[in-house]
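Descriptive analysis of the structure
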Amino acid sequence: MDLNQALIERAQHVIPGGVNSPVRAFGSVGGAPRFIERAKGPYMWDVTDKRFTDYVCSWGPMILGHNDPEVVEAVHAAVDRGLSFGAATRAEVEIAEMITNILPAMEEVRLVSSGTEAGMSAIRLARGYTGRNRIIKFEGCYHGHSDALLVKAGSGLLTFGNPSSAGVPASVTEHTMVLEYNNPEQLEDAFAKYGDEIACVIVEAFAGNMNLVRGTQEFIDTMRRLCTKHGALLIVDEVMTGFRVALKGAQSLFNVTPDITMLGKVIGGGMPVAAFGGRREIMEKIAPCGPVYQAGTLSGNPVAVACGMATLKKIQAPGFYDRLGAQTKRLVEGLQAAAQAAGVPFTADSVGGMFGLYFLPQRPQGFADVMKADKNAFNTFFHGMLDRGHYFAPSTFEAGFVSITHTDEVIDKTIADAREVFASMAK
């Protein structure tokens, strides 16, 4: 028996589903998940010592590739000083200064340990600051697994979300409105009806958990205008896009200034660091300055912060994002050409070091479009590429990522193997 199969069967006796995060179970694509033993640069090796070109990059953080020597050195130095103090450190101040210098909309920042923490805290802060309860999110956008955000859209305009997870009372989500992504008209209608009750709008400017879906400029501009007009806060979730799509994030590409920004993934460099921040007058509603409570024993953990600091320093090198964006574009254009040559309906998109693959004739504009993708075709592609040593996200609903260590040679090998897979799919 393959060791990966043996491990998942063993894990299922002691871990629900055998995994500690659902998508790792390969439930969407079938087969045994790969248990990773080690990684370096653009590659990972599983417990059978099979090598994979990694296009998941730990779901985004490994923008420098795995085990970057300077990052590892910084982590080792931090470990030598201590693993956790439960007290303030100089490193917390330094990373906060670095983040606020790069992202002017974040005048003050609070460090946390996960994107979910950042999301639940940002929502609580928005409600505490405005004194309102209603929030707006968008179908297909994921902001962590806190109760108020685990909702799905109803069937009609302005329908309030129903819980999409057991264990979430309907009373918790009754103030959460779920609108269509990229539909500015629904935003106009929502604010016309509930404008003085809405605490915030939370959005991924480039959605990443229904695959990569671009927000339109009109969509983003509309929510900024309406939030300003009605005294609601605009929360831009950059947990996935922050320092991934551009140095100054998605907000710089849309020229929008959020009231609150959420960060994660890249700012930890592979360790659990996330953050939320915004205008000083808003952030100073957070304890100990104000009445909105938020706390965490491991927030600002010195080892994790050292990892994030080392990563943030390196990505500010001149030309870094030009190179990263060019490599990602090389990948998606090569895959599109390979699919087209084989006559397989397929398209792709990228922004910075983030990409989306769609078994659709054209790029999706929202959740309904994504749901039309050919899931069986994706599963065939996924396993064909996995067999050839390329690890893509094991779900048609997830975005992919490229690191700065994905060289021309690495990407060209991926494209060459994709030609074989697409050709076999066309038979």
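The residue count restarts for each chain, going from 1 along the sequence in the order it is written. The predicted origin of the model limits local features to residues at a pLDDT of at least 70 and limits the giving and counting of side-chain atom pairs to 80 or more, whereas totals for whole chains, interfaces and linings rest on all residues. Think of the side-chain values as coming from all heavy atoms in the structure, minus any hydrogens and water.

In the annotation of an unreviewed UniProt entry, the entry for the protein reads Glutamate-1-semialdehyde 2,1-aminomutase, and the organism field reads Sutterella wadsworthensis HGA0223. UniProt positions are given in the numbering used here, feature names are shortened, and annotations may be inferred rather than shown by experiment. Its UniProt record gives the protein a comment under Subunit (unreviewed entry), which states: "Homodimer." Listed under Catalytic activity (unreviewed entry) in UniProt, the entry text for the protein is "(S)-4-amino-5-oxopentanoate = 5-aminolevulinate".

Only residues above 30% relative accessible area that lack a salt bridge enter a patch, with like-charged residues linked at up to 9 Å and the nonpolar side chains Val, Leu, Ile, Met, Phe, Trp and Tyr linked at up to 5 Å. For accessible areas, the Shrake-Rupley method is used with a probe of radius 1.4 Å. Any residue's cover is judged against the shown protein chains and nothing else. For this document, the term salt bridge refers to a Lys or Arg side-chain nitrogen within 4 Å of an Asp or Glu carboxyl oxygen. The charged-residue count follows a simple rule in which Lys and Arg add positive charge and Asp and Glu add negative charge, with His and chain termini not counted at all. All charge positions are set by atom: Lys at NZ, Arg at CZ, Asp at CG, Glu at CD. On the surface, a cluster of negative charge is contributed by Glu-185, Asp-189, Glu-218 and Asp-221. Contributing elements (two or more residues each) for the negative patch: α6 (184-194) and α7 (217-230). Residue position: Asp-221 is located in helix α7. By relative accessible area, which is 37% here, Asp-221 ends up partly exposed. Numbering of helices and strands runs from the N terminus; a helix is a DSSP stretch of H or I covering at least four residues, while a strand is a stretch of E covering at least two. We call a residue buried when its accessible area falls under 20% of the maximum for its residue type, exposed when it is over 50%, and partly exposed in between, using a 1.4 Å probe and counting protein chains only.

With the rule as written, the count across this model stands at 17 salt bridges. Taking the shortest distance from any N to any O, the salt bridge between Arg-225 and Glu-188 comes out at 2.4 Å. With a gap of 37 residues between them, Arg-225 in helix α7 and Glu-188 in helix α6 connect regions that are remote in the sequence. Assessed through its relative accessible area of 44%, Arg-225 is described here as partly exposed. Classification of Glu-188 as partly exposed rests on a relative accessible area of 33%.

Take the domain arrangement of the protein next. As used throughout, domain bounds are those supplied by an automatic or database domain assignment. Parsing the protein into structural domains produces domain 1 (3-67 + 318-425) and domain 2 (69-316). Residues are treated as being in contact if the distance between any of their heavy atoms lies within 4.5 Å. Each partner contributes residues to the interface: domain 1 has 35 residues there, and domain 2 has 33 residues. Buried area adds together the accessible area that both of two parts lose upon being put together, with accessible area traced by a 1.4 Å probe. When domain 1 packs against domain 2, the two sides together hide about 2,700 Å² of surface, and 60% of this comes from carbon and sulfur. The interface formed by domain 1 and domain 2 includes one salt bridge. Between Arg-214 and Asp-349 there is a salt bridge, and its shortest N-O distance comes to 2.6 Å. Polar contact is defined as a pair of N or O atoms within 3.5 Å, subject to the rule that within protein one atom must be able to donate a hydrogen and the other to accept it, and that residues adjacent in sequence are counted only when both atoms are side-chain atoms. At the boundary of domain 1 with domain 2, the tally comes to 13 residue pairs in polar contact (both at pLDDT 80 or more).

Further remarks concern the layout of surface pockets. Estimated volume of the second largest pocket: approximately 560 Å³. Using a 1 Å grid laid over the protein atoms alone, points where a 1.4 Å probe fits but cannot get out form a cavity; open sets with protein on both sides within 12 Å along at least 5 of 7 lines form a pocket; any residue with an atom within 4 Å of a point counts as lining. The wall of the second largest pocket is formed by 30 residues, among which Glu-92, Val-109, Arg-110, Leu-111 and Gln-294 lie closest to the centre. Only α3 (90-102) and β4 (108-112) provide two or more residues apiece to the lining of the second largest pocket. Grid points are joined across faces, edges and corners, and a volume is the space filled by probe spheres set on the points.

Here Ala-287 and Pro-288 are connected by a cis peptide whose omega angle stands at 15°. With respect to the helices, strands and loops of the structure, Pro-288 is situated in the loop between α9 (280-283) and α10 (302-315). Of note, Asn-182 is a non-glycine position whose phi angle comes to about 65°, a positive value. Examined against the element boundaries, Asn-182 turns out to sit in the loop between β8 (176-179) and α6. Non-glycine residue Asn-255 carries a positive phi angle of around 50°. By the element assignment, Asn-255 lies in the loop between α8 (249-254) and β13 (260-263). Given the relative accessible area of 72%, Asn-255 is considered exposed.

As a rule of thumb, soluble globular proteins bury nonpolar side chains together. Ranked by size, the top nonpolar core spans 69 residues in total, and within it Phe-243, Ile-315, Phe-381 and Phe-422 carry the most contacts. A domain-level breakdown of this core finds at least three residues from each of domain 1 (3-67 + 318-425) and domain 2 (69-316). The residues contacting Phe-422, other than those within four sequence positions of it, are Leu-335, Ala-338, Ala-339, Ala-342, Val-344, Phe-346, Phe-359 and Phe-381. Core analysis: the second largest hydrophobic core is formed by 42 residues, Tyr-194, Leu-234, Val-236 and Leu-360 among them. Side-chain atoms within 4.5 Å link the members of a nonpolar core, which is a set of buried Ala, Val, Leu, Ile, Met, Phe, Trp, Tyr and Cys residues.

So, about the sheet that holds strand β2 (residues 43-46). Strands were regarded as paired on the criterion that DSSP finds at least two bridges between them. Pairing in this open sheet of four strands is mixed, and the strands run β1-β2-β3-β17 from one edge to the other. With partners counted over all chains shown, the strands left at the sheet margins are β1 (36-40) and β17 (390-391), one partner each.

This paragraph deals with the environment of Ala-105. Tracing the backbone shows Ala-105 in the loop between α3 and β4. The exposure class of Ala-105 is buried, given its relative accessible area of 11%. Between the C-alpha atoms of Ala-105 and Ile-260, which are 155 residues apart in sequence, the distance is 7.7 Å. When sequence neighbours within four positions are dropped, the list of residues in contact with Ala-105 reads Gln-251, Thr-257, Pro-258, Gly-278 and Arg-279.

Attention now goes to the UniProt feature "modified residue: N6-(pyridoxal phosphate)lysine" (unreviewed entry) in the protein. According to UniProt, the "modified residue: N6-(pyridoxal phosphate)lysine" (unreviewed entry) feature falls on Lys-265. By the secondary structure assignment, Lys-265 is in the loop between β13 and β14 (274-278). Overall, Lys-265 belongs to the partly exposed group, its relative accessible area being 25%. Those residues in contact with Lys-265, other than ones at most four positions away along the chain, are Trp-59, Pro-61, Val-239, Met-240, Gly-270 and Val-273.

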